[in-house]
Amino acid sequence: MALGELVSDDTGQITGTRILSTDTTGTTIELSLQLTGTIRGVAQTTMWTYTTVTRPDGSIYGQGNGVLTTVNGDVVHLIGHGSGKANPGGSVRFLTMLHAHGATGQNTDLNNIGLVGEYEVAVDGTATNKNWEWK
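As a convention, each chain's residues are numbered from 1 in the sequence order in which they are written. This being a predicted model, a pLDDT of at least 70 is required before a residue's local features are given, and a value of 80 or more before pairs of side-chain atoms are given or counted; all residues contribute to the totals for chains, interfaces and linings. Water and hydrogen atoms were dropped before computing side-chain values, which therefore reflect all heavy atoms in the structure.

(A) Broad picture of the packing of aromatic side chains. Only Phe, Tyr and Trp rings are paired, with Trp represented by its six-membered ring, and only when their centres lie within 6.5 Å; those with planes under 30 degrees apart are stacked, over 60 edge-to-face, the remainder tilted. Under the counting rule described, the total for this entry stands at two aromatic pairs. Centre to centre, the rings of tyrosine 50 and tyrosine 119 are 5.8 Å apart; their planes meet at 85°, and the pair counts as edge-to-face. Here the residue tyrosine 50 occupies a position in strand E3 (residues 42-54), and tyrosine 119 occupies one in strand E7 (residues 114-121), the gap between them amounting to 69 residues. Burial classes: relative accessible area under 20% of the type maximum marks a residue as buried, over 50% as exposed, and values in between as partly exposed (1.4 Å probe, protein chains only). Take tyrosine 50: its relative accessible area is 9%, and that puts it in the buried class. For the ring pair phenylalanine 94 and tyrosine 119, a centre distance of 5.8 Å and an interplane angle of 25° mean the geometry is stacked. A residue pair is termed long-range when its members are at least 10 positions apart, and phenylalanine 94 in strand E6 (residues 92-101) and tyrosine 119 in strand E7 qualify at 25 residues. The class of phenylalanine 94 is buried, set by a relative accessible area of 5%. A network of ring pairs unites the aromatic residues Tyr50, Phe94 and Tyr119 as a single cluster. Counting from the N terminus, the helices are DSSP H or I runs at least four residues long and the strands are E runs at least two residues long.

Right, here's the structure in full:
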């Protein structure tokens, strides 16, 4: 197995947060995110809602759902999950796995592959996200 081409490259902003629970197993937070960037060189916008669980050992697990829309009208529905940790200074970096479904247009092949990514959120809520084909 190997990583293929860079599929998407985005930047964006956390647009909302909500504490869902906090107990001895960790703190669960719901986040809303909006990103803009490119998918295979075509301009796109992606919206996500995801939850993170910060565990007592400091590790963080996240999972969520997103929808990506290109300027050409293609739509890609996404399910994602990842693991991460807070960095010194407060940013959080996740290593992610995304699965597309219902992808249309020139992105229908994404329904059959996985996307491996790096997602980072800064203390001010700005975010970067990059995803590569997993072949």
